[in-house]
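One letter stands for each residue in the lines below.
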Amino acid sequence: MTHRDSENPLPTITTLDDLATLADYSLMDTLSCDPDATANGDDHMPRQVFSGHYVPVSPTPIKNPEYVTHSKRFFRELGFADSLAESPDFIRMFSGDLTHVPEPLSKVGWATGYALSIFGTEYVQQCPFQTGNGYGDGRAMSVFEAVINGQRWEMQLKGGGRTPYCRGADGRAVLRSSVREFLAQEHMHALGVPTSRSLSLYVSKTETVNRPWYSEGSYMKDPDVLISEAVAISTRVAPSFLRVGQLELFSRRARKNEHPQAMAELEMIVLHLIDREYGEVIDKNLTIAEKVVLLAREFRSRLTLLVANWIRVGYCQGNFNSDNCAAGGFTLDYGPFGFCDVYDPQFQPWTGGGHHFSFMNQPVAAERNFHMFWTALRPLLVSNQDAMEQLDEIRSGFAEVMQSEMEAMWAAKLGFDAFNREMFNELEALMQQTPVDYTIFFRELSSLPDDIGPLKKSFYSRSLYDANAEEIEKRWSQWLEKWQALSVKTTGGKDASPLSRVALSKQMKLVNPKYNLREWFVVPAYQQASMGNYDLVRELQEIMTQPYEEQSAEIEQKFYKLKPSEFFEAGGLSHYSCSS
Ligand SMILES: Nc1ncnc2c1ncn2[C@@H]1O[C@H](COP(=O)(O)OP(=O)(O)OP(=O)(O)O)[C@@H](O)[C@H]1O
Ligand SMILES: [Mg+2]
């Protein structure tokens, strides 16, 4: 084992034994274990978990695992050698077989329970026992915790088999959805959007499960066939996997006084969240009330910035329930997500999702999740009126903070130093009416065009534009003229000299990506992968981890283009059900 420093970027982790030296499962000390759990983790049947923060569960390995890909970038950050990803020991562990891991690596993983609120309404109906005690990580389990280069990370298998929270389902994830999540996490990180990270992806050469899906060429809303798909395990990494729903679970129990430790368990999970996600900004020596107030303020900042970033890059989470809202303020659970092609405020690729989780409604959905977060924290402050008032103010100020993050984001996309409502409103109407390709439009604008010629590359020839081309183009020209006049005035501050055209363009191109992970790029990648060819997955990974770069002419030709008309309304491409 060699040592890494700034001059010597040699990886330090080249074997599983090296990885074992880093293991630090301190989560086990700060959280409590389900008292009904078995120590060996043989706990794979749906059951109620009444208390405790985690349940030891042994993963169920996928049969005959094969390497698909790993994140070279993240490996480098962690100091992991690339060769590790294809080494038998590592493959074994991260395809779910912990039975042979060297000490002190744990031979059991852990799954956690959480509650569900949809758009601000509490649910227990999704729990098979109708109590909420059977809901949580049904197929996700963490297997490793360590501090690496000063940062604490938890590593979690997705698709690692059944847990007590599996609700009778198979505990598996299929290759299709695993490829999607793996690529999206890599892409979002490269876009500068906070996210759980991708580590590795392995597929089974022999084990399959059935999932409802769309037949070739289907334009149906819902899946029309049952297909057999290979199972896979992807590993994702984050400082913690705590969700808003997790705080809710313990807060609901405290509110209902469900057991004597309920309030203590709520406090423990909140302190754990602060330690894992907010350790740098919340002083350990503060009182619990002070910590809770700071936590709410910081989470509000992170969540509002996160959602503004989603909209900046054209991302729709699709299913932004409180259990898919990471309490650390990053993107979590890439299930029925999508990156928009056409600008449509109501873009929502998930057929089960509805308008409330659509593209431009995400700030409102975020507020609903923040409301549940606030609700969950309140029981901790009942004896401190002053802190409670501060907490309530943070809650009521959400919409204003969200609005200002959105305005800052639109200003940056437009290359302005301040938001201009009139310009934005006109643009929004034009983008929608034409309609434009969201990514291509802003990228072309970032080249500061002299006339609307280059912007027309982003126009979809659909009904309105086709029928009223002349009038629409005239409106675009007028808008562009105004934008040009305003953008010339853009400065680095009141007294600074105006940004040169080159500098302004460069700055805008760091805000407006050239490439994004459109679903019709991902579909052929997972289709080929299902036949054992991973080239396209790896190619997309490479391209989508440099989304702001121009890249080669060949890549531009293939990946900087409008969505082909035959893909509109196509099942599995334009919309999909949640099954994964
Ligand atoms: N095949 C499955 N087997 C067991 N549980 C499942 C399965 N699919 C989904 N679940 C569970 O159902 C719940 C809702 O699923 P959802 O699609 O939000 O999450 P997910 O994509 O599995 O996971 P995550 O939120 O951890 O990324 C989650 O608690 C999840 O663990
Ligand atoms: Mg989920």
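All of these numbers come straight from a predicted model, not from anything done at the bench.

Digging into the pairing of strand β6 (residues 140-148)
Burial analysis of β6 places 7 of its 9 residues in the buried class, the great majority of the element. When β6 meets strand β7 (residues 151-158), the two strands line up antiparallel, connected through 8 bridges. Paired with I148 across the bridge in β7 is Q151. Between β6 and β7, which pair antiparallel one after the other, the connecting turn spans 2 residues, and N149 there sits at a positive phi close to 50°.

Re the site of ligand 1
Among the 15 residues in the neighbourhood of ligand 1, the closest are listed as G138, R139, C166, A169 and D333. Residue composition of the shell around ligand 1, by class: 4 nonpolar, 6 polar and 5 charged.

Things to note about helix α9 (residues 362-377)
With 16 residues, α9 should reach 22 Å at 1.5 Å per residue; the first-to-last C-alpha distance of 22 Å fits that figure. Here α9 lies mainly inside the structure; 13 of its 16 residues are buried.

Considering the nonpolar core
One finds A232, V270, V292, A296, F373, L377 and L391 to be the most contacted residues of the largest nonpolar core, which totals 142 residues. Ranked by the residues each element gives to this core, the list is headed by helix α8 (residues 288-313), at 12 residues. Two domains share this core, each providing at least three of its residues, namely domain 1 (16-252) and domain 2 (416-509). If we ignore the near neighbours within four places in the chain, the residues touching A296 are W374, L377, L391 and I394.

Quick word on unusual backbone geometry
E103 connects to P104 through a cis peptide bond whose omega is 0°. Looking along the chain, the bond that leaves T434 and enters P435 is cis, with omega of -15°. You can see P435 is positioned in the loop between α12 (421-433) and α13 (438-445). Positive phi, close to 50°, is recorded for F119, a residue that is not glycine. Note that F119 resides in the loop between β4 (116-118) and β5 (121-123).

A word on the packing of helix α6 (residues 244-255) against helix α7 (residues 262-277)
Closest axis-to-axis distance for the α6/α7 pair is 8 Å, and the angle between their directions is 160°. Considering the angle they form, α6 stands roughly antiparallel to α7. Of the two elements, α6 crosses α7, and the hand of that crossing is left-handed. Two secondary-structure elements touch here, α6 through Q246, L247, F250, S251, R253 and A254 and α7 through A262, M263, E265, L266, I269 and V270. Residues of the contact of α6 with α7, tallied by class, amount to 8 nonpolar, 2 polar and 2 charged.

Observations concerning the UniProt feature "binding site: ATP" (unreviewed entry) in the chain
With numbering matched to this structure, UniProt assigns "binding site: ATP" (unreviewed entry) to G136, G138, R139, K158, D170, G171, R236, R243 and D333. These annotated residues cover 198 residues of sequence, and their C-alpha atoms reach 22.5 Å apart at the extremes, leaving them scattered rather than at a single site. Mapped onto the fold, G136 is located in the loop between β5 and β6. G136 gets classed as buried once you count the C-beta atoms within 10 Å, which come to 27. With residues near it in sequence (within four places) discarded, G136 still touches A111, T112, G113, Y114 and Y165. Note that R236 resides in strand β10 (residues 225-238).

So, the packing of helix α5 (residues 175-191) against helix α17 (residues 519-529)
Running from N to C, α5 and α17 point in directions that differ by 130°, and their axes come no closer than 9 Å. In terms of orientation, α5 lies oblique with respect to α17. Considering the relative orientation of α5 and α17, their crossing is right-handed. For the pair α5 and α17, the contacting residues are L175, R176, V179, R180 and L183 in the first and V522, A525, Y526 and A529 in the second. Grouping the constituent residues of the contact of α5 with α17 by class yields 7 nonpolar, no polar and 2 charged.

What to know about the domain arrangement of the chain
The assigned domain composition of the chain is domain 1 (16-252) and domain 2 (416-509). Placing a centre on the C-alpha atoms of domain 1 and another on those of domain 2 gives a separation of 42 Å.

Section: the UniProt feature "active site" (unreviewed entry) in the chain
The UniProt entry lists D323 under the feature "active site" (unreviewed entry), expressed in the numbering used here. Here D323 is to be found in the loop between β11 (315-316) and β12 (338-339). Once you skip the residues sitting within four places of it in the chain, D323 turns out to touch Y114, L116, R243 and G245.

Details of the environment of E519
Assignment of secondary structure puts E519 in helix α17. Judged by the 21 C-beta atoms lying within 10 Å of it, E519 is buried. C-alpha separation for the pair E519 and R302, spaced 217 residues apart in sequence, amounts to 27 Å. Sequence-distant contacts of E519, that is, excluding residues within four places in its chain, are made with G338, P349 and L573.

Side note on α7
An α-helical turn contains 3.6 residues, so any two residues separated by three or four positions project in the same direction. Its 16 residues give α7 an end-to-end C-alpha distance of 22 Å, which sits within 8% of 22 Å, the value for a rise of 1.5 Å per residue. Turning to α7, its buried residues number three or more, namely A262, E265, L266, I269, V270, L273, I274, R276 and E277. Each element contacted by the buried residues of α7 is listed here: β7, α6, α8 and α9.

Rules used throughout
- Residues numbered from 1 in each chain as written.
- Chains lettered and ligands numbered in written order.
- Predicted model: local features only at pLDDT ≥ 70, side-chain atom pairs only at ≥ 80, totals over all residues.
- Buried ≥ 20, exposed ≤ 12 C-beta atoms within 10 Å, placed from the backbone.
- Helix = DSSP H or I, 4+ residues; strand = E, 2+ residues; numbered from the N terminus.
- Pairing = 2+ DSSP bridges.
- Near = placed C-beta within 6 Å.
- Nonpolar A, V, L, I, M, F, W, Y, C, P; charged D, E, K, R; others polar.
- Expected span 1.5 Å × (residues − 1).
- Core = buried A, V, L, I, M, F, W, Y, C linked by C-beta atoms within 7 Å.
- Domains from an automatic or database assignment.
- Contact = placed C-beta atoms within 7 Å.
- Axes fitted to C-alpha atoms, helices over the stretch in contact; angles between N-to-C directions.
- Parallel < 35°, antiparallel > 145°, perpendicular 65-115°, else oblique.
- Left-handed = near helix turned anticlockwise from the far one by under 90°.
- UniProt positions renumbered as here; feature names shortened; annotations may be inferred.

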